[in-house]
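Understanding the architecture of this molecule
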Amino acid sequence: MKKYFSFFRLRLQMGMQYRIAAFAGMATQFFWGFMLIGAYKAFYESNAAAFPMGFQALTSYIWLQQAFLALFITWRFDNDIFTMITDGGISYELARPVRLYSMWFAKNLAMRLSEAALRFAPVLLVAALLPKPYGLSLPVSLPHFLLFLLTLGLGLLTTIAFLMIVYGLAMRMLSSTGVRLFLSGIVEFLSGQVIPLPFFPDKVRFVLELLPFAGMQNVPLRIYSGDLSGTPMLHAMVLQLVWLVIFIAAGALLLRSGERRAIVQGG
Amino acid sequence: MIHMQNVVKTYRVARRDSGAKAAFFALFHRKYDLVRALDGLSFDIDAGEIVALLGPNGAGKSTAIKILSGILYPDSGAVECGGFSPARDRMRYTREIGVVFGQRTQLYWDVPVGDSYGLLQDIYDVPEAEFKRNLSELTELLDLKELLRTPARQLSLGQRMRCELAASLLHSPRILFLDEPTIGLDAVSKLAVRQFVKVLNEEKKTTIILTTHDMQDVEALSRRVLMIGKGKLLLDGTLQDIRRDGESLDESLVDFYQGIEGFDGKEE
Ligand SMILES: Nc1ncnc2c1ncn2[C@@H]1O[C@H](COP(=O)(O)OP(=O)(O)OP(=O)(O)O)[C@@H](O)[C@H]1O
Ligand SMILES: [Mg+2]
């Protein structure tokens, strides 16, 4: 365990060096935040009754989403891993007493945490200072806030567990670009990254909320503003946990068998 | 110590003609060719030996190293190293070995070399005292003092190779695999690497298996050479078995390679 933690620490330290990228990222996130809120505002004003969330809950959702984008963006893969798979650098990982799954999980976790750590505070700060209802509101209650943090953590783990499955698939193919784009695109949509899940028609939404992807960001972001609360919240959390376990098991199996049949490239 | 018997390893290679049309059809129907990289390779190596694996490009040397270091599973045949089955016992076996691939790096690009070493200490669970002892010894022998605080990406090839060697030895492995450790190095760096490997073998009795295309490496280091061609063992002997009167070692080697059945002098 210590080795994976030590690796995690090193990667975190490395990630914290990329301040300029963080700055550029932040600018994009402000831009997107304003754009989205502008678009939803037009929609809200044309028919407030048909709006499935409170407007304030939605703006909080959007700002949190932008602030923590690095935690759950689905197409943020670790390209080192794909390179390692295609050029044979994976040799060194396999020549050491480490499990690929734990190692890569730690790596992705560190990468995302360091990216998020460099970005979230300024976005949240500015969003909190914006006039109501365009800014970030305070969480509805302390318990909601704590559960938000908990489910945000679980959502991050689910996102990484999803990436791990893609890495596992990549180990089995010569070129994984297609699968990577396809899966991350679909999952991005299904997780509520593009449109928050409450905006889907009821039947579709019912299904989406049962899928593993809802737990990646839809659940924590809606708990924060109280849009998800009470029994439905409990159900969502249990589901989040169950899917996390399933994803981890699936990824670990894939990588375990990948270790056995790795086609190490190059010589 | 090391035992390989009748080891076969085939790679599946997707082949298609170049061009858009061929690429399109390959989406639906992939054709695979089988490349037999090792074709019944057998040899034994005793503890404390230095052995050089020789052979033309594509002979199967790197494949043999990968199988011996637990990275690849053989298709068939028996492999045993230091009481382990390398790939099957990978998690325990890899504690006992060190590996250097001359063409790749195991150091983390963005952090000082010393930080990579710290991570390796945790990966191999090396006790603090042993780690300190090994590191100071290696620092001295390989002249690393100035390099430990440099990020790996700023090292020259020769400096990097010295750092790689140290990285693979911090956990006091019993067996060291070196796949082309002198590739691309200048004369001075090559000498340093050879000198170091020799000392390591003499003083620590580390078993060393290396591949190289540099005959001077072999002359300086190994009494025993294993010549591999087309995945088979062609010769188990010494350089004297290859050398011909009136020719340089390189010339003799060319003669030897050209004598390999079906050898066309090109990589496959
Ligand atoms: N990942 C791979 N996929 C398909 N074929 C491979 C792969 N790796 C090696 N081969 C093939 O296996 C054979 C042996 O390769 P190997 O790398 O072991 O040779 P080598 O003796 O190390 O050569 P060199 O001196 O050029 O490094 C070659 O024909 C090579 O094309
Ligand atoms: Mg090779």
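Residues numbered from 1 in each chain as written. Chains lettered and ligands numbered in written order. Predicted model: local features only at pLDDT ≥ 70, side-chain atom pairs only at ≥ 80, totals over all residues. Heavy atoms only, no water.

**Overview of the interface of chain B and chain A**
- Opposite the 30 residues of chain B that make contact, chain A presents 33 residues.
- For the chain B and chain A pair, buried surface summed over both sides reaches about 3000 Å², with 55% attributable to carbon and sulfur atoms.
- In this structure, the connection of chain B to chain A is made through 11 residue pairs in polar contact (both at pLDDT 80 or more).
- When residues of the side of chain B that touches chain A are traced back to their parent elements, those giving at least two are β1 (2–15), α2 (61–68), α3 (90–93), β5 (97–101) and α4 (113–123) of chain B.
- Top contributing element to the side of chain B that touches chain A by residue count: α4 of chain B, with five residues. (Contact = heavy atoms within 4.5 Å. Buried area = accessible area lost by both parts, 1.4 Å probe. Polar contact = N/O pair within 3.5 Å; in protein donor to acceptor, adjacent residues only side chain to side chain. Helix = DSSP H or I, 4+ residues; strand = E, 2+ residues; numbered from the N terminus.)

**Here's the deal with a nonpolar patch on the surface**
- On the surface, a cluster of nonpolar side chains totalling about 350 Å² of accessible area is made up of Phe31, Trp32 and Met35 of chain A.
- In this structure, Trp32 of chain A sits in helix α2 (residues 19–46). (Patch = residues over 30% accessible without salt bridge, like charges linked within 9 Å, V, L, I, M, F, W, Y side chains within 5 Å. Areas by Shrake-Rupley, 256 points an atom, 1.4 Å probe, with all protein chains shown as cover. Salt bridge = Lys/Arg side-chain N within 4 Å of Asp/Glu carboxyl O.)

**A few points about the layout of surface pockets**
- Roughly 560 Å³ of volume is contained in the second largest pocket.
- Around the second largest pocket sit 19 residues that line it, and Asp80 and Met84 of chain A together with Thr105, Leu107 and Tyr108 of chain B are the ones nearest its centre.
- Elements represented by at least two residues in the lining of the second largest pocket include exactly α1 (2–15), α5 (79–87) and α6 (90–94) of chain A.
- Tallying contributions element by element places α5 of chain A first for the lining of the second largest pocket, with four residues.
- A per-class count over the lining of the second largest pocket returns seven nonpolar, four polar and eight charged. (1 Å grid on protein atoms, 1.4 Å probe; cavity = no way out; pocket = protein on both sides within 12 Å on 5 of 7 lines; lining within 4 Å. Points joined across faces, edges and corners; volume = space filled by probe spheres on them. Nonpolar A, V, L, I, M, F, W, Y, C, P; charged D, E, K, R; others polar.)

**A short note on the sheet that holds strand β2 (residues 31–45) of chain B**
All names here are of chain B.
- The sheet built from three strands is open, its strands ordered β2-β1-β4 with antiparallel pairing. With partners counted over all chains shown, the strands left at the sheet margins are β2 and β4 (76–81), one partner each. Within this sheet the neighbouring strands show an average axis-to-axis angle of 35 degrees, counted without direction.
- Pairing of β1 with β4 involves five bridges; the strand directions are antiparallel. Of the residues in β4, the one forming a bridge with Ile2 is Cys81.
- α2 contacts β1, β2 and β4 of the sheet and is inclined by roughly 115 degrees relative to β1. (Pairing = 2+ DSSP bridges. Axes fitted to C-alpha atoms, helices over the stretch in contact; angles between N-to-C directions.)

**A look at helix α9 (residues 249–259) of chain B**
All names here are of chain B.
- Among all positions of α9, only Leu249, Ser252, Leu253 and Tyr257 are buried. Down the axis of α9, the buried side of the element spans an arc of 140 degrees, and every buried residue falls inside it. Facing away from the buried side of α9 by over 90 degrees, the exposed positions are Gln258 and Gly259.
- As for α9, its buried residues are in contact with β3 (50–54), α8 (215–221) and β8 (224–229). (Buried < 20%, exposed > 50% of the residue type's maximum accessible area, 1.4 Å probe, protein only. Arc of directions from axis to C-beta.)

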